[in-house]
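Chain residues, written in single-letter form:
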Amino acid sequence: MPAIVGVAQVITLGNSSVFHIGDVYKIMPFATAKTFSGAGSFNTGEQIDVQNRLSSTNVTDPDNIDQNISLNM
């Protein structure tokens, strides 16, 4: 379905960014990343009180395959 889009201001795009406006058939990534972090890792703000008495992050990946990007162009 066609769309009418007004002004779009893009300040920056990263190396693996996708900028999409309107109709699209397929969006395919060229890169993947995996992030491991423990409880309370990405909290931001003032006066945050995170209490993790016992915490562990599972980083094992038995199949080693998360997202196949080998055929993306």
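Given the structure is predicted, the values throughout are model-derived calculations rather than measurements. (Residues numbered from 1 in each chain as written. Predicted model: local features only at pLDDT ≥ 70, side-chain atom pairs only at ≥ 80, totals over all residues. Heavy atoms only, no water.)

A. A look at the overall build of the protein. Scanning the protein from N- to C-terminus turns up 0 helices and 0 strands. Looking at the 73 residues of the protein, the share that counts as buried comes to 1%. Counted over contacts in the protein with a minimum sequence separation of 6, partners at least 24 positions apart contribute 38%. Of the accessible surface of the protein, which amounts to about 7300 Å², a share of 52% is contributed by carbon and sulfur atoms. (Helix = DSSP H or I, 4+ residues; strand = E, 2+ residues; numbered from the N terminus. Buried < 20%, exposed > 50% of the residue type's maximum accessible area, 1.4 Å probe, protein only. Contact = heavy atoms within 4.5 Å. Areas by Shrake-Rupley, 256 points an atom, 1.4 Å probe, with all protein chains shown as cover.)

B. Structural view of unusual backbone geometry. One non-glycine residue, Gln47, lies in positive phi territory at about 60°. For Gln47, a relative accessible area of 81% puts it in the exposed group.

C. Layout of the environment of Lys34. Residue class for Lys34 comes out partly exposed when judged on its relative accessible area of 42%. On a C-alpha basis, the gap between Lys34 and Asp66 in space is 8.8 Å, while along the polypeptide they are 32 residues apart. Every residue in contact with Lys34, bar those within four places of it in the chain, is listed here: Asp61 and Asp66.

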